[in-house]
Amino acid sequence: SYNAEGIVIAEGDGIRVGENRWHANVAFPLALGVSGAGPNDEGDMDVGPNTLLNRPVITSARFEGAQIFVDGLVAEGLTLHAYLATRADDVPQGDTYLGVRIEGSVDDTREGRARYDDDALGQDEAALFGFVFITPGGPPGEGTRLIATATDREGNTSEFSLPVTLRDLSAD
C-alpha cells in the first residue's frame, strides 16, 4: 500500500502472497520479475520468480445480494485468492479480501477443461472453476471489479488476474 509498486518478486520460488489488502499503489500491486503484468503462456513451464506462475482467468463475476459467483480457468489444484477492487483506479487494487478456494475441491461447482487464447491474457488450457464468495458488509457497489491470484502447492503466487466488473443478477 502507498507504494509506486505493491510487491515485486524479483527472484526466488515458493513466495506465497495472499490474504492481503492492496490499495493506493501507483502501478501493479503484485508483479513477478519486472513491473507490469505478463501474459500467461502455454503449459506454464517458465523459469523466473515464482516460476512466473500463470495468473487465473476470470470469465464471469456476478452478484446477488452479498453472494458473488465467480467462474474462470486456472491450472488444476491451484488455490485461488479473490479480492474486490472497489476503487476506480486504472490499475485495480484488491482492497477487500473475499477468501480462498481450491480448484477441484468440494466448493468448486464446475468441472472440465477449456482453452483460452487472448492478446491480453495469453494462451493455455486450464481447469474450469466456479466458486461462491460472501462479501463482507453486504452487496458490492456499482462498478466493483473482481481480481484474483493463484498459488500452487509449492507456494508460488501468480500476478493478479485481469479485472472483471461484477454484474448484478437482481437487475436482470
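Up top you'll find the structure we're talking about.
All values reported here derive from a predicted model rather than from experimental measurement.

S.K.: Could you give an account of the sheet that holds strand β4 (residues 67-74), naming the residues involved and the relevant values?
M.R.: The strand order across the open sheet formed by five strands is β7-β8-β4-β3-β11, and the pairing between neighbours is mixed. Strands with a single pairing partner mark the edges of an open sheet, and in this sheet they are β7 (113-118) and β11 (167-168). Where β4 lies against strand β8 (residues 122-134), eight bridges are found, and the strand directions are antiparallel. Bridge pairing in β8 places L73 opposite L128.

S.K.: Could you give an account of the packing of aromatic side chains, naming the residues involved and the relevant values?
M.R.: One pass over the full model with this rule turns up four aromatic pairs. Between F129 and F131, the aromatic rings sit 5.2 Å apart at their centres with planes inclined by 20°, giving stacked as the arrangement. Summarising the burial analysis for this pair, F129 and F131 share the class buried. Three or more aromatic residues joined by ring pairs form one cluster here, namely Y83, Y97 and F160.

S.K.: Break down the pattern of salt bridges for me, with residues and values.
M.R.: Scanning the model with the defined rule gives three salt bridges in all. When the shortest N-O distance is used, the salt bridge between R113 and E76 registers 2.7 Å. Separated by 37 residues along the polypeptide, R113 in strand β7 and E76 in the loop between β4 and β5 (79-85) bring together distant segments of the chain. Under the relative-accessibility criterion, R113 is labelled partly exposed at 42%. Between R113 and E125 there is a salt bridge; the shortest N-O distance is 2.9 Å. With R113 in strand β7 and E125 in strand β8, this pair connects stretches of sequence that are 12 residues apart.

So, how was this worked out
Residues numbered from 1 in each chain as written. Predicted model: local features only at pLDDT ≥ 70, side-chain atom pairs only at ≥ 80, totals over all residues. Heavy atoms only, no water. Pairing = 2+ DSSP bridges. Helix = DSSP H or I, 4+ residues; strand = E, 2+ residues; numbered from the N terminus. Phe/Tyr/Trp six-rings, centres within 6.5 Å; stacked < 30°, edge-to-face > 60°. Buried < 20%, exposed > 50% of the residue type's maximum accessible area, 1.4 Å probe, protein only. Salt bridge = Lys/Arg side-chain N within 4 Å of Asp/Glu carboxyl O.

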